[in-house]
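Here's the letter readout for the chains.
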Amino acid sequence: MLGVAPDNRGLLPDSDVKRLEEFGSLLRRRSENNLALHQHRASAGFEAALDGDPDTLWSAPAGSSNAAAEIVFDQPITFDHALTMEWLNDGQHIQKYAIEIWNEPDKAWKRIAEGQAIGHKKIDRFPMVTTQRVRLLILSSTSDAHVREFQLYDWSHLDQR
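Since we're looking at a predicted model, the values are computed, not measured.

When you go through the protein residue by residue, the secondary structure sums to one helix and seven strands. Over its C-alpha atoms, taken along the principal directions, the protein stretches across nearly 60 × 35 × 25 Å. Among the 161 residues that make up the protein, the fraction classed as buried is 38%. A separation threshold of at least 6 residues defines the contact pool for the protein, and within that pool the share at least 24 residues apart is 76%. Within the structure as shown, the protein displays about 9200 Å² of accessible surface, and the carbon and sulfur contribution to it stands at 50%. Seen as two clouds, the 18 positive and the 24 negative side-chain charges of the protein have centres 5 Å apart.

Another point: the nonpolar core. Judged by nonpolar contacts, the single largest core of 30 residues is most densely connected at F46, W58, F79, I99, F150 and L152. Of all the secondary structure elements, the ones that give two or more residues to this core are β3 (67-86), β4 (94-103), β5 (108-115), β6 (122-141) and β7 (146-153). Per-element accounting of this core gives the leading share, seven residues, to β3. Setting aside anything within four residues of it in sequence, one finds F46 in contact with W58, A69, E70, I71, L136 and F150. Counting residues in each nonpolar core, the second largest holds five residues, with L83, M85, W155 and L158 among its members.

Moving on, we come to the environment of Y97. Within the secondary structure, Y97 is located in strand β4. You can call Y97 buried: its relative accessible area is 0%. Apart from the residues within four sequence positions on either side, Y97 is in contact with E114, G115, Q116, A117, I118, K122, D124, L136, L137 and L139. Side chain to side chain, Y97 and K122 meet in a polar contact 2.9 Å long.

One non-glycine residue, K107, adopts positive backbone phi at about 50°. Mapped onto the elements, K107 comes out in the loop between β4 and β5. Here K107 falls in the exposed class, since its relative accessible area comes to 52%.

The subject of this paragraph is the confidence of the model for the protein. Of the residues in the protein, 97% reach a pLDDT of 70 or more, and the chain-wide mean stands at 91. The element-level mean pLDDT for the protein is lowest in helix α1 (residues 14-30), coming to 79, with β5 highest at 98.

Our next topic: the pairing of β4. For β4, a buried count of seven out of ten residues is recorded, marking the element as mostly surrounded by other parts of the structure. Strand direction decides the pairing type here: β4 and β6, joined by seven bridges, are antiparallel. Looking across to β6, one finds that K96 is bridged to S140. The pairing of β4 with β5 spans seven bridges and is antiparallel. Considered in β5, the bridge of I101 is made with K110. In sequence, β4 turns back onto β5 through a hairpin of four residues, with K107 there showing a positive phi of about 50°.

Along the chain, H81 falls in strand β3. Assessed through its relative accessible area of 5%, H81 is described here as buried. A distance of 2.9 Å separates polar atoms of two side chains, one belonging to H81 and the other to D80. Residue contacts for H81: discarding those within four places in its chain leaves I123, D124, R125, F126, Q151, L152, Y153 and W155.

Rules of the game
- Residues numbered from 1 in each chain as written.
- Predicted model: local features only at pLDDT ≥ 70, side-chain atom pairs only at ≥ 80, totals over all residues.
- Heavy atoms only, no water.
- Helix = DSSP H or I, 4+ residues; strand = E, 2+ residues; numbered from the N terminus.
- Buried < 20%, exposed > 50% of the residue type's maximum accessible area, 1.4 Å probe, protein only.
- Contact = heavy atoms within 4.5 Å.
- Areas by Shrake-Rupley, 256 points an atom, 1.4 Å probe, with all protein chains shown as cover.
- Lys, Arg positive; Asp, Glu negative; His and termini not counted.
- Charge placed at Lys NZ, Arg CZ, Asp CG, Glu CD.
- Core = buried A, V, L, I, M, F, W, Y, C linked by side-chain atoms within 4.5 Å.
- Polar contact = N/O pair within 3.5 Å; in protein donor to acceptor, adjacent residues only side chain to side chain.
- pLDDT = per-residue confidence, 0-100.
- Pairing = 2+ DSSP bridges.

Written out as structure tokens, the structure reads:
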């Protein structure tokens, strides 16, 4: 709901149209550099959630209530947002998830985000991180988990007015 109403001419006011165009431009810029499309290797089947195509998906092993999928990049990447989309054709199943990065100096995984549900689209924001390995953990699901998209972004440079 954008809260924009037509004026007495039946048209959107010019000032609102201008702001909506700016908003649309910002949204388009946000989706321009999905770092998950860069050179990498991924867990079996997870490529389908990294391809930028919301019609493909990764499925957790059948009958599991938790799972993990990992991306290993050829070079370190730096990012501050993750976008995850659950495949909802047979309902929302993911109840709890986490995103972790590999901390090379400590030789350990570090949790950077977690949540109670993913649903249609979940955007997680966190302090800027740099790593070569990222993993999505499905910590709890009511049925087989399906992920349509898993994307990583550096949005620090965008105007966040």
